[in-house]
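Topology and contacts: notes
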Amino acid sequence: MTELSRRKMLISGGALGAFGALGMASPAQARSMTPWTWAPSGSVAGSGAGVDPRWVWDEEADPLVASLLDRGAVPEVNRLLWDWNRNDQPLPAGLPADLRDFMERARRLPSWADHGKLNTAAEFNKSRGLYLNLLNGVGGGMLSTAIPKEARAVYYSKGGADMEDRVAKTSILGFAVGALNAYRPDGSCMVEAVKTRLVHAAVRHLLQQSPHWSGGVPISQEDMLVTWHTLPTYAMRMMRKWKVPMTKAESTAYLHVWQVTAHMLGIRDEYIPATWEAANTQSDQVLPRNMGPTPEGVELTDILLGQLAEQTSPGSVSRPLCNAFARYLVGDEVADWDGIRREPVWDRVIAAAWPALVKFREGLIPLPLVPESAWVIDEAARRYILFYLTKGKETKIEIPTTNRPG
Ligand code: HEM
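Procedures and definitions
- Residues numbered from 1 in each chain as written.
- Predicted model: local features only at pLDDT ≥ 70, side-chain atom pairs only at ≥ 80, totals over all residues.
- Heavy atoms only, no water.
- Salt bridge = Lys/Arg side-chain N within 4 Å of Asp/Glu carboxyl O.
- Helix = DSSP H or I, 4+ residues; strand = E, 2+ residues; numbered from the N terminus.
- Buried < 20%, exposed > 50% of the residue type's maximum accessible area, 1.4 Å probe, protein only.
- Core = buried A, V, L, I, M, F, W, Y, C linked by side-chain atoms within 4.5 Å.
- Contact = heavy atoms within 4.5 Å.
- 1 Å grid on protein atoms, 1.4 Å probe; cavity = no way out; pocket = protein on both sides within 12 Å on 5 of 7 lines; lining within 4 Å.
- Points joined across faces, edges and corners; volume = space filled by probe spheres on them.
- Nonpolar A, V, L, I, M, F, W, Y, C, P; charged D, E, K, R; others polar.
- Axes fitted to C-alpha atoms, helices over the stretch in contact; angles between N-to-C directions.
- Donors = N, O, S within 2.8 Å, 3.2 Å for Na, K, Ca; no water.
- Parallel < 35°, antiparallel > 145°, perpendicular 65-115°, else oblique.
- Left-handed = near helix turned anticlockwise from the far one by under 90°.
- Near = heavy atom within 4 Å.
- Polar contact = N/O pair within 3.5 Å; in protein donor to acceptor, adjacent residues only side chain to side chain.

Quick word on the pattern of salt bridges
- One pass over the full model with this rule turns up 29 salt bridges.
- Residues Asp-58 and Arg-197 are paired through a salt bridge, measuring 2.7 Å at the closest nitrogen-oxygen approach. Of this pair, Asp-58 sits in the loop between helix H1 (6-12) and helix H2 (61-70) while Arg-197 sits in helix H9 (residues 189-207), and the two are 139 residues apart along the sequence. Accessibility classification places Asp-58 together with Arg-197 in one group, the buried group.
- For Glu-222, the salt bridge is made with Arg-289, and the minimal N-O distance between the two is 2.4 Å. With Glu-222 in helix H10 (residues 221-241) and Arg-289 in the loop between helix H12 (276-286) and helix H13 (295-312), this residue pair connects regions lying 67 residues apart in the sequence. Both residues of the pair, Glu-222 and Arg-289, count as buried.
- Among the charged side chains, a network of salt bridges with common partners joins Asp-52, Arg-54, Glu-222 and Arg-289.

What follows is the structure, encoded as structure tokens:
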């Protein structure tokens, strides 16, 4: 383990507030390992064995990628997949036959994918892009560092050594899901999701060889569900909290694009929630038992917020602004776990300015009611999105062949 901040760890282990943003019950629950009771009747499959997803991984991709790694085939596979970018693009020639067979199956949309809903979701993602990028990027990022297994997996895997590149890579999928053509022939969601599924399978194989890793095979179906809930389920809860107007068709469609993405990432249909109600129930079951502080999460948070501050607005104001915005997005309990500093001035400014900005953007209040400070946040948010849109174009999702060096 490199130099982890003990001081920050002390802060993060300190005060535990209300788990507002995530609708969580109590901090005590965060550590208890309650049995799996979520009913598969609430899933897109409608039925299932009800097996605890802590003990299920990806039975198709895992042995395949382990074998590719053992055969030393991954560098050549990465080279071949570099130019595989569009949903409608044939797979490149020269891939190992077992990988090709798997990818041909894995790139297909599930039979239940509904193109009408996907189109509505695309329009919704476009019109609510600012909120969604912030919620999924900054909010989701700050939540992921408060998920011990995920924070440690990211920290000790190859990408942990270069977080700017890692975030740029992750945002490739995020932007693909939010794009107008996400699952259309000229989009890239199927490609990026299948590549990510292969990356996760590689991480499952590689991390177990890391001297720093303990805790068995990483990235179980439950772990993936946890992360999934920090994306659409969390974003929807926050948009509701901010009173962002939306129709039933829009909220259903937004769920749908993420249901399809879950399937494409290798989450089994029997675990993918069919409705928002089922999603919220599942989220309440899996998040509390999977969240809490770690030294790795605190260090990753510090790196991420440092980068965010640099990218959004150079100058001394930017880090306090980013700390305050991050705290506002995830709530006090998670912010404390992440070791995010309290910012007495900015914490108050954001709590007043952001809701006003949302109301103004949604046409609910006139301009004079928006505090000046809201435009500083608005500008910072735009710069953040632009930064990762640009960065994401310079890099690609690739299968790792090693863990974090050192
Ligand atoms: C890689 C997304 C769940 C750990 C990636 C990548 C994406 C992604 C897009 C490729 C970017 C890259 O290679 O750096 C997602 C989504 C998830 C999910 C959408 C759930 C819906 C998880 C979970 C864990 C995890 C649950 C761990 C517990 C990792 C790690 C990498 C990775 C360690 C590889 C980093 C490296 O290159 O070293 N993920 N992920 N992911 N993910 Fe996930």
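Considering the nonpolar core
- Judged by nonpolar contacts, the single largest core of 127 residues is most densely connected at Met-103, Leu-135, Tyr-183, Met-239, Trp-242, Tyr-254 and Trp-354.
- Here the element with the most residues in this core is H9; it accounts for 12 residues.
- Met-103 has contacts with Leu-81, Trp-84, Leu-91, Leu-95, Val-194 and Leu-198, leaving out every residue within four places of it along the chain.

Here's the deal with unusual backbone geometry
- A positive phi is found at Ile-219, a non-glycine position, where the angle reads about 55°.
- Within the secondary structure, Ile-219 is located in the loop between H9 and H10.
- Given the relative accessible area of 15%, Ile-219 is considered buried.
- With phi around 60°, Lys-243 is a residue other than glycine that occupies positive phi space.
- By secondary structure assignment, the location of Lys-243 is in the loop between H10 and helix H11 (248-264).

Digging into the layout of surface pockets
- For the second largest pocket, the calculated volume is near 410 Å³.
- Lining the second largest pocket are 20 residues; nearest its centre among them are Ile-172, Ser-188, Glu-192, Gly-392 and Lys-393.
- For the lining of the second largest pocket, the elements supplying multiple residues, two or more each, are helix H8 (163-178), H9 and helix H16 (373-394).
- Split into classes, the residues belonging to the lining of the second largest pocket amount to seven nonpolar, seven polar and six charged.

Let's talk about helix H7 (residues 148-156)
- Burial within H7 is extensive, with seven of its nine residues counted as buried.
- Taken together, the buried positions of H7 are occupied by Glu-150, Ala-151, Arg-152, Ala-153, Val-154, Tyr-155 and Tyr-156.
- Check the buried side of H7 and you find it contacts helix H6 (129-144), H8, H9, H10 and H13.

Here's the deal with the packing of H6 against helix H15 (residues 344-361)
- Where H6 meets H15, the closest approach of the two axes is 11 Å, and the angle between their N-to-C directions is 145°. Here Leu-130, Tyr-131 and Leu-134 of H6 come into contact with H15, specifically with Trp-354, Val-358 and Arg-361.
- For the contact of H6 with H15, the per-class residue count stands at five nonpolar, no polar and one charged.

Considering the coordination of the iron atom of the ligand
- Exactly one protein atom donates to the iron atom of the ligand; that atom is His-200 (NE2), 2.1 Å from the metal.
- The residue His-200 is located in helix H9 in this model.

A look at the packing of helix H4 (residues 97-106) against H9
- Where H4 meets H9, the closest approach of the two axes is 10 Å, and the angle between their N-to-C directions is 130°. The angle between the axes of H4 and H9 places the two elements in the oblique class. The way H4 lies across H9 gives a crossing that is right-handed. Residues Leu-99, Phe-102, Met-103 and Ala-106 of H4 pack against Val-194, Arg-197 and Leu-198 of H9.
- Residues that form the contact of H4 with H9 fall into these classes: six nonpolar, no polar and one charged.

Digging into the environment of Val-257
- Topologically, Val-257 is positioned in helix H11.
- Using a relative accessible area of 2% as the deciding quantity, one classes Val-257 as buried.
- When residues no more than four places from it in sequence are discounted, the contact partners of Val-257 are Leu-118, Ala-121, Asn-125, Val-177 and Tyr-183.

Describing the site of the ligand
- In the vicinity of the ligand there are 21 residues, among which Ser-157, Lys-158, Gly-159, Arg-166 and His-200 approach most closely.
- At 3.0 Å, a backbone N or O of Lys-158 approaches an oxygen atom of the ligand.
- In this structure, Gly-159 approaches the ligand through a main-chain N or O atom, which is 2.6 Å from an oxygen atom.
- For the shell around the ligand, the secondary-structure elements that each account for two or more residues are H7, H8, H9 and H10.

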